[in-house]
Amino acid sequence: MKRELALTVNGRLAKLQVEDADTLLEVLRDQLNLWSVREGCGVGACGTCTVLMDGKPVSSCLVLARRAEGREIVTVEGLAASGKLDVIQETFIEERALQCGYCTPGFILSVKALLDENSTPTDDEVREYLSGNLCRCAGYGDIVRAVRVAQEKRRAGAT
Amino acid sequence: MKKLTLTLSLKGEGRVRVKRLRDYVMADFSVVGHSVYRKDAAQKATGQVLHVGNIEMSGMLHVAVLRSPYPHAQITRIDKARAQALDGVAAVLTGADVAAMPGVDPYYGPAFRDQPILAVDRVRHIGEPVVAVAAADRRLAEDALQLVEIEYEPLPPVLDVLEAVKPESPVLHPKLRAAGTFADLAHVRAGQSSNVCYHFKLRKGDVEKAFAEADRVFEDTFRSPPAQHVPMEPHITLAYLDESQRINVWSATQTPSYVRTELSAIFGLPMNRIRIRVPYLGGGYGAKLYAKLEPLVTALALITRQPVRYALTREEEFVTITKHGVVAKLKTAVKGGAITARKCEVYWDTGAYAEIGPRIVHKSGYTSAGPYRMPNVWIDGYCVYTNKPPAGAFRGFGVPQVIWAYDSQMDIIARALGADPVEFRLRHALDEGEAFATGTPVRAFGLKPAISRAAEAIGWSKPKTASSGAKARGRGIASGVKAVLTPSISGAIVTMSADGSVNILSSTVEMGQGAETMMAQIVAEELGVAFDQVHIVQPDTDITPYDTITAGSRSTYHMGNAVRMAAAKIKSELAAVVAAKLEVNPEDLVAQGRRIFVRGSPERGMTIGEAFLAKFGSLGTTLTGEAICQTTAIPMDPETGQSEKCTEYWFPSATAVELEVDTETGQVDILKFFAVGDAGTAINPKHCEQQLLGSAITHLGLTLFEEMVFEEGRLLNGSLLDYQIPSIKDMPKEFRSIVVQVPHESGPFGAKGIGETGALTVSAAIANAIEDAVGIRIRDLPITPERILSHLAARREKEAHRKSS
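Reference entry: report on the structure contained in this document.

About the thresholds
Residues numbered from 1 in each chain as written. Chains lettered and ligands numbered in written order. Predicted model: local features only at pLDDT ≥ 70, side-chain atom pairs only at ≥ 80, totals over all residues. Helix = DSSP H or I, 4+ residues; strand = E, 2+ residues; numbered from the N terminus. Rg over C-alpha atoms; globule rule 2.2 N^0.38 Å. Buried ≥ 20, exposed ≤ 12 C-beta atoms within 10 Å, placed from the backbone. Contact = placed C-beta atoms within 7 Å. Nonpolar A, V, L, I, M, F, W, Y, C, P; charged D, E, K, R; others polar. Pairing = 2+ DSSP bridges. Axes fitted to C-alpha atoms, helices over the stretch in contact; angles between N-to-C directions. Parallel < 35°, antiparallel > 145°, perpendicular 65-115°, else oblique. Left-handed = near helix turned anticlockwise from the far one by under 90°. Core = buried A, V, L, I, M, F, W, Y, C linked by C-beta atoms within 7 Å.

Concerning the overall build of chain B
Here is step 1: Counting its regular elements, chain B contains 20 helices and 34 strands.
Here is step 2: Its C-alpha radius of gyration of 27 Å places chain B within 12% of the 28 Å reference for a compact globule of 805 residues.
Here is step 3: With 805 residues in all, chain B has 58% of them scored as buried.
Here is step 4: Taking all contacts inside chain B whose residues are at least 6 apart in sequence as the whole, residues at least 24 apart take part in 79%.

Below, the structure written as structure tokens:
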């Protein structure tokens, strides 16, 4: 049976009709057409469907939509809503930290959460934090470099 | 140094200026040889890139599939009445239903038509599709499957590749039909009465005589397990009938042209009644080659007359296509410190359906003895059916499995002879113009430079850093080659408008490798326009010409040549106009900076617009060039595998590693890793580095931990919770690539391609380093800590035994 769900997605209040079994991933894709949120494994093991829930990265395939009631969700679409890329997106482009690009939205959001939590992570902290996001093109070296460059840019005041 | 800037537009909502990154500049070229940004970078960073999963159509149905619970069984009864009666279910399809569709061939496959769209009478592996439901949504389709009743009568399964070749084993496919789709598979004959669906033979010299005369003979068996590609985007296909009732398919496939041919054969329709379109792929690595979901989804669209989309779950992905598990037995003769003969017996587990196995056993099998000088070679490659999910191409196309064997053994032999492994390889490595085991002279063969560069990078001639405590350090090197798939065909069309903007029509699929960027760089260079003026029209069989396949590292050479030649035709048309106007020889003209002018005198020329006006008197016109790059091979002698030209060119590879083995835990820590590959000319050096390193990390996972574990034909680790792939934590601490550039005379600007080269030599390099560190030789992949500990324990036991006796 469908029930109403109210949540904030990329800064806008959304009121949706959802089934109890609907995952956040299904709702974001099927009802809001946020195509950057993609299923990779369905069991929370690959990070491809990562979104930010109240600023923290979550695997949206594992979160029931109901659990997002009243929460604030951010997807990659929300990062560049004004038409200007987020500094992390810009840096992923400059540092070539994307190939097939399927995992990229999840990585960008995880990097954002990492740098929001810890503006000067160590190498081990970067690797640990991003170890839940998988990239089979395996551009991991470029991604680490992008984190470092984005970190410097943010320190210099870029957003 | 020319400054490159790139303006990226974001969905028309604003423009974002991205600063220039470091450039690599190649003399005389303004675009080729530069590490320009990917064409698709902004789309991908914003998540707005088109994937099949984003395409919604009104009335679109979703699919769920009931799969076989048995590795081998007869289907005795299917009752689908209750499922069909469920509200919202549009179709419930069985193999018998497909076979009953008028004019439909229910079997498909690139080598043999052995794979049913849905199982007909018999199932041959756990996870084989048996019944498909198309319904208003996926959950409803899954509910309907619960209502299908099926009865099976289990048959004895054949689960081991060495068991499967025995005459007493049950035969999975008593009758085979050759597919006849590809010229290079024309020699594959059908009609076997064993589980060996293809036997490749190579015979050179007299191996038995060499073994008899040898100082030493080395015999080793190497195993590599089946594994998963794990593209982050699982397979997905959408099919519908358009307003003229033509079949339209959007699919995540690496082979749009082949899929059209295959659907035409299955459904008995003219090719132009079928349209295949391919947007960006979320990775492929060989998993998305040939027909996968397209036959089933098309059958459902034809039956329901509604759009139908099927997206595999990750669990379904695991039973759809795998990497071949291989058992390779090598016997090598040495006399006077040199290898005199090698005999290779290689068993390829192709699973329940041949898929592209025969091509792998042929095209990669002929390299099984390695790129080394040896007068006598004997190769038997067997493509073998078993009751497991089908195996197909995987980044490297079978070559990593044979290099795992031969370059592990190269080290074993070098060590046994007291020779330096690098020197031993260099001494045996083929020189330019020398004949490969097939009799084909090697050309543009940067193998020795690759070995030398790898050795130099790892500091081979310098002493190792000392080990401490329970940790032992070792260094290892491996080398090998892959041959490009030959013959093959790439067609391309290039169109230019009077403003100098250009479209490339190509069926090469962009799956992350940077093919679009490569094509745009080559065409921009050829036509003297800016990289940003070139747009790529993505594969659409209605408009983009035939291309054999996006795989095997072949696109840069084949499609690169095709787009370059097509662009050259436009250039020569423009040059003819300018030459006539200026009364100069067209051969003296160059295209550069959006102008056509006399070489050395830029002021004597015309802009592209002026040339269009002079030719057409109008600026609304276009010029079109079309070209085909077709490589040819001389078919091998079926008994000896000999051919004067078995391939167009080679991909030499080397890997050097330094690692530490923890003798208490068995953990391997890779400290330094160098992936070395010969790319010919690097069209985009940064992308070449990414290809080398990406394919290397994937094969690091395949070397150290990836394995599909089967028990009685049932996959025990068929999800990403249980099947681990490398994460960012698995990246070696020092991890570099070295792009060797030995230009190929007929490659576009000398380029060959590099998509798999970094993958080829990883496993053997790591095993060789482990032996260097702790003195144990591992012959079975993956090299898990458990395997290392058990080898260490066995060695301790052996030593204790020796001391006590």
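Re the interface of chain A and chain B
Frequently, the measure chosen for interface size is the accessible area removed from exposure when the parts meet.
Here is step 1: Each side of the interface is counted separately: chain A has 43 residues, and chain B has 48 residues.
Here is step 2: With 5 residues, the single largest contributor to the side of chain A that touches chain B is helix H3 (residues 87–94) of chain A.
Here is step 3: Per-class residue counts for the side of chain A that touches chain B are 22 nonpolar, 12 polar and 9 charged.

Looking at the sheet that holds strand E29 (residues 622–631) of chain B
Residue and element names in this part refer to chain B.
Here is step 1: The strand order across the open sheet formed by 4 strands is E25-E24-E23-E29, and the pairing between neighbours is mixed. Only two strands of the sheet have a single partner each, and these edge strands are strand E25 (534–537) and E29. On average, adjacent strands in this sheet sit at an angle of 20° to one another, irrespective of strand direction.
Here is step 2: Contacts between helix H15 (residues 555–582) and the sheet are confined to strand E23 (488–497), strand E24 (502–506) and E29, with E29 contributing the most and set at about 145° to the helix.

Notes on the pairing of strand E10 (residues 149–154) of chain B
All names here are of chain B.
Here is step 1: For E10, the buried fraction is low: 0 of the 6 residues fall into the buried class.
Here is step 2: The pairing of strand E4 (residues 73–79) with E10 spans 6 bridges and is antiparallel. Within E10, the position partnered with Gln-74 by the bridge is Glu-153.

Topic: the packing of helix H11 (residues 399–417) of chain B against helix H19 (residues 762–774) of chain B
Residues and elements named next belong to chain B.
Here is step 1: Where H11 contacts H19, the two axes come as close as 8 Å, and the packing angle between them is 30°. With respect to H19, the axis of H11 lies roughly parallel. Every pair of crossing elements has a handedness; the one defined by H11 and H19 is right-handed. Every residue of H19 that contacts H11 at Pro-400, Ile-403, Trp-404, Asp-407, Ser-408 and Asp-411 is listed here: Ser-763, Ala-764, Ala-767, Asn-768 and Glu-771.
Here is step 2: Classifying every residue of the contact of H11 with H19 gives 5 nonpolar, 3 polar and 3 charged.

So, the nonpolar core
Here is step 1: Counting residues in hydrophobic clusters, the biggest one holds 311 residues, and the most contacted among them are Val-133 and Val-523 of chain B.
Here is step 2: With 11 residues, the top contributor of residues to this core is H15 of chain B.

Overview of the packing of H11 of chain B against helix H12 (residues 421–428) of chain B
All names here are of chain B.
Here is step 1: Their axes nearest at 9 Å, the elements H11 and H12 cross at an angle of 115°. When the axes of H11 and H12 are compared, the pair comes out roughly perpendicular. In the packing of H11 onto H12, the handedness of the crossing is right-handed. Here Met-410, Asp-411 and Ala-414 of H11 come into contact with H12, specifically with Pro-421, Phe-424 and Arg-425.
Here is step 2: Across the contact of H11 with H12, the residue classes break down as 4 nonpolar, no polar and 2 charged.

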